[in-house]
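Residue-level structure breakdown
Chain by chain, the residues run as shown.
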2 protein chains.
Amino acid sequence: MLQSKLFYKTSKEKSADIESISHELLTRAGFIDQLMAGIYTFLPLGFRVLQKIENIIRKNMITAPVSGQEILMPALNPKENWQKTGRWESLDILFKLKGAGDKEYVLAPTHEEVVAPLAKKIIFSYRDLPFSVFHIQDKFRNELRVKSGILRTREFMMKDLYSFHATQTDLDEYYDKVAKAYFNIFKECGISRFTYQTLASGGSFSKYSDEFQTVSEFGEDTIYICEKCQTAVNKEIKNENTKCPKCGGSVFEEKKAIEVGNIFKLGEKYSLPFNLKFRNKDGLEKPVLMGCYGIGLGRLMGAIVEINNDDKGIIWPKDVAPFVFHLIQIGEAGKVVKVCKAIYKIGQKLGIEVLYDDRKDVAPGEKFAEADLIGIPYRIIVSEKTLKANSAEVKERSKKRAKLIKISQLTRFLKTQ
Amino acid sequence: MLQSKLFYKTSKEKSADIESISHELLTRAGFIDQLMAGIYTFLPLGFRVLQKIENIIRKNMITAPVSGQEILMPALNPKENWQKTGRWESLDILFKLKGAGDKEYVLAPTHEEVVAPLAKKIIFSYRDLPFSVFHIQDKFRNELRVKSGILRTREFMMKDLYSFHATQTDLDEYYDKVAKAYFNIFKECGISRFTYQTLASGGSFSKYSDEFQTVSEFGEDTIYICEKCQTAVNKEIKNENTKCPKCGGSVFEEKKAIEVGNIFKLGEKYSLPFNLKFRNKDGLEKPVLMGCYGIGLGRLMGAIVEINNDDKGIIWPKDVAPFVFHLIQIGEAGKVVKVCKAIYKIGQKLGIEVLYDDRKDVAPGEKFAEADLIGIPYRIIVSEKTLKANSAEVKERSKKRAKLIKISQLTRFLKTQ
C-alpha cells in the first residue's frame, strides 16, 4: 500500500486526560475513528488488524480439537425468545426496538436465545452429540456509560462459540480444550505473558467459570493472583474466599486487568427453556448440556495495544500488525525512488505486506515519528546516505538499534522475517 | 468435512406454496434457517457459500482499478447524522431505537451518513482525491412485508463502496470501472449471462443510475430489454420513455428480475449536508463528488440459486459452492471405507474441499437424493461395484452422465477440477 493513498490521518497532539493508552494511540495513529460515544469505525489500518485477529481466532476455532463449525446468526432477535429465558426483563444492557407492525426485537448481545432453539431443530439423539458452532458477528450492549475507547463499546465484533454435549464429562473435557485454544489465540496475538485464566462465578450449574484477564493499568476489572501457584481469581471469588481455591495460599497480588475472553459451562440453563433434549442410548430423553465461549475482537485489539507500546507509539506483534514492513523513502533523488519502487514491487510479487511511505513534502523526522506511532514491526529506510553503502537501514520497532542491510540481500530479508 | 458431523438437516417435503426457488431449496438443503420473518441464520453450508461470495466481492473491490480500501463502519448511527440529510424523516424503512440516556439511534441500512462526515476529517485538498473505501457489513431495513426468503430480508450482509472525486469526469470514469468490476463478480458467481446493467432513475444529480438485474421468475422487479440493442431499463424509466434511451428502438421484452446490485452517482447530495469540501489547484473550496456502489450478499446468493437449479436441487457454480467435491461412500465394506478415507485424506492434504458422506444407516438412494439437493459440483461415488473396476464413479451435478475414473487417477482428478 502506498502511504500517499492510505485513508488515514495521524495526530501529534496528546490528549490531556486519556481514557486508555489503546484509545489514545489507536485514535492518534489513525486506526479507529469515533462516530459517537462507544461506537467506532475501523479505518483501513485498524481493519487490517481486526481482520488478522479474526483469522487467528477463526483458525483456532475450526482446528481440532475445538472443531467448531462456522455459522452466522442474526443481530435482530425476536422478543419472544428473550422472554422465554427471562432475559428480556433481567438483562439491563439489552437494546430493544420496534419494527413494522409493532413487532418487538432485541439487538443481540449474545446468542444463546438463537442457538438453543436452532440446535433443537437438528439434535435428536446422542449420536448427534457433541458438536459446536461459532460465529463472528456484530454485537450490541446498551451500556449506561462507556469509556476506554474500544475496550468497552456499545457495538463490537465478537466471536461466540457454543458447544453441545450429552454428558457432564464431555462438557468438562471440551471446556478445557477451548481454554487451551484461547491461550493459543492470546499467544499469537502477543498478550499471553500478561493474560491469566481467572476463576469467576459459575452460576447455578458449575462452581466456576473462567475469564481470561490481561493485566493492564487501564483495565476495568481487578484480579487477584495467588503468589504461590499463580492462579488468578476475580473480585467476586476473592471476596468469597480468603484463601486460594487451588493451593490454599493466602497472599494475593492485586492487578487491574482487561477481560479479553470468557468461557462458561451453561449446562441446562438454556436447554430447559427451549426444551432442547436428546435421546440417550437407553432411549431416555435428557436435556442437552451447553457451553459458551466468547472473545471480543475489538477489546482484544485494545488489549494488544495496552501491552505493546512505548512513549512513541504502538509496537505491533508481527502476526497482528497492519503491515509487516514499513518502507520509508527519504528524499526524491532518482536512485532512492528507483530502489524504493523496486523493493515495493518485490514485496507485492511475493505477497508480503509493505506500507510504502512514498510521500513528498514530508520531512524525514515527521515520517519517522509517524512510523513509530503506527508501530509496524520492521522499518526499512532508503536514503542517499544508505545507498552510498549500497544498503537500506533496517530497524525493528521493538529494538533500539538499526542495522544496514545490502540492497542485494533485501529480498532474502523480506522473505525470512 | 465429515457429513456425519455436519450441522445441518435436509427436508424432502416440498412446500405447497413456495416463496421462491432459492428460499425453498436453501431451506430444504440446510443452508439457511429462518429465525423470524425476514431474518435468517446461515448454517455451515450456507455460511461457506456466503464467505466465498464475500471473498469474490472483496477481491474485486481491492484490485485496481477499483482499489477500494476496506474499513468497518458501525451499524448503530446517531440520529443527528440522519437528521442532517433529512433521511431520519424521509426514509420509511429506518429502524430507530433508543438507548441509555434516551439517546436515539438508527440501525443503518446504508452508510452515506457515516462515510461523508468521516471523509471530512481526512480530505482537505485535491491531492487527497480520488479515493474509495468499502465495507462488508450487517445492514437493516424495517420492511413492512418480507417474502422470497433471502431475496428481501430485514437484516442482510451488504458490501457498500463509496468513492470521492474532485471532478465529474473522474467520477464518471470511476463509475464505469466499478460497473465492469460488478460484471466480473457476477461472472465468478455464475449469473452474468442472466444479469443486465439496467438504467434506473439517477436522482437530481445524474440522469441515470444503474441497477444490476438478474432475470428470474421470482424477481420482485420488472425490467424491459430493448430487442435491438439489449439495453435494459427499469419500470420507472420505461414509463418515462417509449423508446430505448440508447438506440431509439421501441420493442422491449418484459422480464421479472432480482436487483443484485446498484451503483449511483451521488454527486454533492451527501457532501453538502456534511460540508465535505476540498481545495482545488486554484485554492478554491469545492464540494467533493461522491459515488456509491452496493451489492447484497444474501440476495446474490439467492439469485445464484434461482438461476442454477433443476427439479432435484441446487447446482452450485464451482467458485461459490460450499464444497467442490462430494465423496459418497456406499456400504460399509472394508475396502470401500479404506478407499474413501484415503481420498478424503488426500483432499485434506491438498487443501481441496471435500464433503465426505460417511454416514452409516443411510440408503444409497437417500444419499444421492440429498447430494442432488445440496448441489456440490462433483460427486465421487465409491462402492464395492466401482471398486471391482478399481474405480470411483464421478458425476458432475450439472451433467446427466457419470464416468468411471481409476482410483490411481483420482488425485490428479481432484487437483485439476
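Computed from a prediction, not measured in an experiment: that's the story for all the values here. (Residues numbered from 1 in each chain as written. Chains lettered and ligands numbered in written order. Predicted model: local features only at pLDDT ≥ 70, side-chain atom pairs only at ≥ 80, totals over all residues.)

Scanning chain A from terminus to terminus reveals twelve helices and 23 strands. Judged by the C-alpha coordinates and their principal axes, chain A covers about 80 × 55 × 45 Å. In chain A, the share of contacts with a sequence separation of at least 24, taken over all contacts with a separation of at least 6, comes to 69%. (Helix = DSSP H or I, 4+ residues; strand = E, 2+ residues; numbered from the N terminus. Contact = placed C-beta atoms within 7 Å.)

Let us look at the packing of helix 1 (residues 21-28) of chain A against helix 8 (residues 297-307) of chain A. Residues and elements named next belong to chain A. Relative orientation of the contacting elements helix 1 and helix 8 amounts to 95°, with a least axis distance of 8 Å. Compared by their axis directions, helix 1 and helix 8 come out roughly perpendicular. Contact residues: Ile21, Ser22, Leu25 and Leu26 in helix 1; Gly302, Val305 and Glu306 in helix 8. Along the lines of polarity and charge, the residues of the contact of helix 1 with helix 8 split into four nonpolar, two polar and one charged. (Axes fitted to C-alpha atoms, helices over the stretch in contact; angles between N-to-C directions. Parallel < 35°, antiparallel > 145°, perpendicular 65-115°, else oblique. Nonpolar A, V, L, I, M, F, W, Y, C, P; charged D, E, K, R; others polar.)

Right, let's talk about the relation of the copies chain B and chain A for a bit. These two copies of the chain differ by a rotation about an axis and a displacement along the same axis. Rotating chain B by 180° and translating it 0.0 Å along the rotation axis places it on chain A, where the RMSD comes to 0.0 Å. What the superposition gives is, in effect, a two-fold axis relating one chain to the other. Across chain B, the rotation axis passes nearest the C-alpha of Leu97 of chain B, at a separation of 2.7 Å. (Least-squares fit on C-alpha atoms with pLDDT ≥ 70 in both.)

Glancing now at the nonpolar core. Core analysis: the largest hydrophobic core is formed by 251 residues, its most contacted members being Ile53 of chain A together with Ile53 of chain B. The residues touching Ile53 of chain A, leaving out its near neighbours within four places in the chain, are Cys189, Leu297, Leu300, Met301 and Val320 of chain A. (Core = buried A, V, L, I, M, F, W, Y, C linked by C-beta atoms within 7 Å. Buried ≥ 20, exposed ≤ 12 C-beta atoms within 10 Å, placed from the backbone.)

As a further point, take the interface of chain B and chain A. Contact with chain B, which involves 40 residues of that partner, is made by 40 residues of chain A. Breaking the side of chain B that touches chain A down by element, the ones donating at least two residues are strand 1 (32-36), strand 2 (39-42), helix 2 (44-62), strand 3 (69-70), strand 4 (76-78), strand 5 (95-98), helix 5 (112-120) and strand 7 (131-140) of chain B.

All names here are of chain A. Ordered in space as 20-19-21-22-23, the five strands form an open sheet in which the pairing is mixed. Every other strand in the sheet has two partners, leaving strand 20 (354-357) and strand 23 (402-406) as the edge strands with one partner each. The sheet shows a mean angle of 25° between the axes of neighbouring strands, taken without regard to direction. On top of the sheet, helix 9 (residues 334-350) reaches strand 19 (325-329), strand 20 and strand 21 (378-382); it is set at about 160° to strand 19, its chief contact. (Pairing = 2+ DSSP bridges.)

For the rest of this paragraph, the subject is the packing of helix 2 (residues 44-62) of chain A against helix 8 of chain A. All names here are of chain A. Remark: helix 2 packs on helix 8, axes separated minimally by 10 Å, with the N-to-C direction vectors making an angle of 110°. Between helix 2 and helix 8, the angle is such that the two are roughly perpendicular. Residues Val49, Leu50, Ile53 and Glu54 of helix 2 touch helix 8, and the partners they reach there are Leu297, Leu300 and Met301. Of the residues contributing to the contact of helix 2 with helix 8, the split by class is six nonpolar, no polar and one charged.

The omega angle of the peptide bond from Leu129 of chain A to Pro130 of chain A is -10°, so this bond is cis rather than trans. As for its placement among the helices and strands, Pro130 of chain A is situated in the loop between helix 5 (112-122) and strand 7 (131-140). Of note, the phi angle at Asp102 of chain B is positive, near 55°, even though the residue is not glycine. For Asp102 of chain B, the location among the structural elements is in the loop between strand 5 and strand 6 (104-107).

Moving on to the domain arrangement of chain A. Its domain assignment divides chain A into domain 1 (21-310) and domain 2 (323-416). One C-alpha centre belongs to domain 1 of chain A, the other to domain 2 of chain A, and the line joining them spans 40 Å. (Domains from an automatic or database assignment.)

With that out of the way, let us pick up the sheet that holds strand 23 (residues 402-406) of chain B. All names here are of chain B. What the five strands build is an open sheet, ordered 20-19-21-22-23; its pairing is mixed. Each having just a single partner strand, strand 20 (354-357) and strand 23 make up the two edges of the open sheet. Sheet twist, expressed as the mean angle between neighbouring strand axes with direction ignored, is 25°. Sheet strands in contact with helix 9 (residues 334-350) are strand 19 (325-329), strand 20 and strand 21 (378-382), and its direction is about 165° off that of strand 19.

Residue and element names in this part refer to chain B. By the bridge criterion, six bridges tie strand 10 (residues 208-215) to strand 13 (residues 252-267) in an arrangement that is antiparallel. Each bridged residue has a counterpart across the sheet, and for Asp210 the counterpart in strand 13 is Ile263. Alignment of strand 11 (residues 221-226) against strand 13, held across six bridges, turns out to be antiparallel. Within strand 13, the position partnered with Cys226 by the bridge is Phe252. Bridging between strand 13 and strand 16 (residues 289-296) involves six bridges; their strand directions are antiparallel. Directly across from Phe264, in strand 16, lies its bridge partner Cys292.

We now examine the confidence of the model for chain A. Per-residue pLDDT for chain A averages 95, and the proportion of residues at 70 or more is 100%. Scored by ipTM, the complex comes to 0.96, with pTM at 0.97. (pLDDT = per-residue confidence, 0-100.)

Note: α-helices contain 3.6 residues per turn, so residues at a spacing of three or four share the same orientation. Most of helix 5 of chain B is tucked away: eight of the nine residues are buried. Of all the residues in helix 5 of chain B, the buried ones are Glu112, Glu113, Val114, Val115, Ala116, Pro117, Leu118 and Ala119 of chain B.

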